[in-house]
Amino acid sequence: MYGCRERFFRALDLVGVDRVPCVMPLQTGTVDLMRLCGCFWPGALREGWSMSVLGMAGFRFGGVESVRFPFDMNVVCEFLGCRLRYPCGFGQPVIVENAISGLEGVGGLEVGVGGRMSVVGEAVGFAKDIVGGRVPVLAALSGPFYVAGQVRGMEEFLLEVYKGCDGVFELLDVCLDVCQRYASYLVECGADCVVVLGVSTDLISPTMYREYALPYQKELVSGLDRSILHICGDTTPIFSDMVEVGADGVSVDSVVSLRGLKDVVGDECAVLGNVPPVDALLFGDQKKVVRESRRSINEGCDILCSGCGLPPETPIENLIAMTETAKTYKKQKN
């Protein structure tokens, strides 16, 4: 029998475990968990202790075998100058003003670590001190291509990439620099593993991914001891490219065949996934969550998790159904 922390590392390193762990590399803040721990958005998005308490709530109340920060994908772009609106209640921050209005503004972007990055670092440090001996502490950040789209405006940036406009690579270089600094800072604060969030394949073609996103993800991951890459959408056409990034694990959406991914990945990296976050965890009952969790395990996931971030209204009972399945279900032999 392994503890949660050791089991995660062994699963990520593909060295054999007693069972599949349920570790969440994606957003875990739910309304039920907020109510149970007493820390709510938007406060828990902007204050270190509240963020840490909510992040640990999934482990404390839901049986999740990890802690993960933050709860949104806007930390880096906000530092770079994007203006956000923080809705009252349970909504995610929304970009209301991009950092630059054209690629000619790249030279004015500040490079460093600051803003809410320090809040996430505080949350990581608190969790590391409190539960870090029992469960892994994960910290996530948007990858360079995604950040560039946020900074410029995703629609405008994608068009400029398509046209091959001057300044595209300069913006990507700046975003990579900031992402590298931030990732190193998160590790210094105590993160055991950094999760890199790539732009959805619903937005970019495989060709565009290989030229503009993959090299920057690869460079970012190369400086990390432990990392997980997650990309939403149907990533089937880029399975081998995701492996090339070099992360210790790849996390995929619920629309993807884990068995197909496992066939491509082999023993190159761990596979994480991919219980449907909406159809099963949000709108399904516990029986459906158990079925989908068992499917993911039978298809070969090395680490069980949702296919994307948890919708805020996810019932705690469904979260527990997923985590308990990981703890009690044995993979069926073909």
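Small disclaimer: the values here were computed from a predicted structure and weren't measured. (Residues numbered from 1 in each chain as written. Predicted model: local features only at pLDDT ≥ 70, side-chain atom pairs only at ≥ 80, totals over all residues. Heavy atoms only, no water.)

Let's talk about the UniProt feature "domain: Uroporphyrinogen decarboxylase (URO-D)" (unreviewed entry) in the protein chain
Stage number 1. In the numbering used here, UniProt assigns the "domain: Uroporphyrinogen decarboxylase (URO-D)" (unreviewed entry) feature to residues 5–329.
Stage number 2. Between the C-alpha atoms that bound residues 5–329 the distance is 19 Å, and the span itself is 50% helix and 13% strand. (UniProt positions renumbered as here; feature names shortened; annotations may be inferred. Helix = DSSP H or I, 4+ residues; strand = E, 2+ residues; numbered from the N terminus.)

Section: the layout of surface pockets
If a probe as big as a water molecule is rolled over the atoms, it shows which places are left empty.
Stage number 1. In this model, the largest pocket occupies a volume close to 450 Å³.
Stage number 2. Together, 25 residues line the largest pocket, and Gln27, Met73, Cys232, Cys308 and Gly309 are the ones closest to its centre.
Stage number 3. Those elements giving two or more residues to the lining of the largest pocket turn out to be β4 (137–142) and β5 (193–198).
Stage number 4. Its residues assigned to classes, the lining of the largest pocket comprises 16 nonpolar, seven polar and two charged.
Stage number 5. Counted as a void, the second largest pocket has a volume near 300 Å³. (1 Å grid on protein atoms, 1.4 Å probe; cavity = no way out; pocket = protein on both sides within 12 Å on 5 of 7 lines; lining within 4 Å. Points joined across faces, edges and corners; volume = space filled by probe spheres on them. Nonpolar A, V, L, I, M, F, W, Y, C, P; charged D, E, K, R; others polar.)

Some points on the pattern of salt bridges
Stage number 1. Using the criterion set out here, one finds 17 salt bridges in the structure.
Stage number 2. With a shortest N-O distance of 2.7 Å, Glu78 and Arg116 are connected by a salt bridge. One end of the pair, Glu78, is in helix α5 (residues 75–79); the other, Arg116, is in helix α6 (residues 116–131), and 38 residues separate them in sequence.
Stage number 3. On the accessibility criterion, Glu78 (23% relative accessible area) is partly exposed.
Stage number 4. We classify Arg116 as buried; its relative accessible area is 7%. (Salt bridge = Lys/Arg side-chain N within 4 Å of Asp/Glu carboxyl O. Buried < 20%, exposed > 50% of the residue type's maximum accessible area, 1.4 Å probe, protein only.)

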